Every structure is written in C-alpha cells, then in structure tokens.
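# Summary of structural features
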Amino acid sequence: MEANLTIDWSVDDPYLIQRDASFSNEVIISPNPTQNVVFVNGLIGSFDYKLSNMNGQLVLNGKSTSRRVDLPDKLATGIYYLKILQNGNQSIKRLVIKR
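It should be emphasised that the depicted structure is a prediction, and the values quoted were computed from it without experimental measurement. (Residues numbered from 1 in each chain as written. Predicted model: local features only at pLDDT ≥ 70, side-chain atom pairs only at ≥ 80, totals over all residues. Heavy atoms only, no water.)

### Thoughts on the pattern of salt bridges
- For the structure on display, the rule yields 3 salt bridges.
- Notably, a salt bridge pairs Asp73 with Arg99, separated by 3.9 Å at the nearest N-O pair. Here Asp73, found in the loop between strand E5 (68-70) and strand E6 (78-86), pairs with Arg99, found in the segment after strand E7 (89-97); they are 26 residues apart in sequence, far enough to count as distant.
- Asp73 gets classed as exposed once you look at its relative accessible area, which sits at 65%.
- Since its relative accessible area comes to 39%, Arg99 is described here as partly exposed. (Salt bridge = Lys/Arg side-chain N within 4 Å of Asp/Glu carboxyl O. Helix = DSSP H or I, 4+ residues; strand = E, 2+ residues; numbered from the N terminus. Buried < 20%, exposed > 50% of the residue type's maximum accessible area, 1.4 Å probe, protein only.)

As structure tokens, this is what we get:
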C-alpha cells in the first residue's frame, strides 16, 4: 500500500534555520546534477534520507551506511530535495536529476 505524503518545505522559523546551520554546512552532496547515484560527504556513520519532488511528495526514503544514495531509474529529470537525518540533526539539499 502506497501512501501519499506531502511535505511543507517552507520555513517560517528563523531559529530552525540557525539551529541546523552548522550540520547543514557539514553535509556536501555530489555529483549535482546526477543521474543514478549521489554521494553524501561530511558525515561519520550511517544516516537516514528522504527524497521529495518539487510537489513535496516523498519519492524515496531509506538508510545509508555507505555515504551513497542510489536513485531508481523511475525518477524523472527534475529538481528534488534530499533531506539527510542523523542524530537528531537534519540537512536539506537541492538535488538535480538529469536522465
């Protein structure tokens, strides 16, 4: 059973941005744009991730133990948001997929 999930990426709380700023600056994704895989650098250990499209729909989620997120072929060319979660911290990165 597949559920529709809408994520509101707008941020009205400046404290929220400041709280996550140092963690977010540590996280670097590459290559960007990408086709099939994105590497997440700046973290030690495993992390959870959520990938959402421009409409806020969750299209992929999981846990990585290898600093790598494999992107399925079903994802179309476009702009996505990759949310990286680790130890209560989160970073949201804009990701471009080109097929």
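### Let's talk about the side chain of Thr34
- By the element assignment, Thr34 lies in the loop between strand E1 (28-30) and strand E2 (37-41).
- Under the relative-accessibility criterion, Thr34 is labelled buried at 5%.

### Quick word on the side chain of Gln86
- By the element assignment, Gln86 lies in strand E6.
- With a relative accessible area of 10%, Gln86 lands in the buried category.
- There is a polar contact of 2.9 Å between the side chain of Gln86 and the backbone oxygen of Ile44.
- In this view, Gln86 contacts Phe23, Leu43, Ile44, Gly45, Ser46 and Phe47; residues no more than four positions away in its chain are not counted. (Polar contact = N/O pair within 3.5 Å; in protein donor to acceptor, adjacent residues only side chain to side chain. Contact = heavy atoms within 4.5 Å.)

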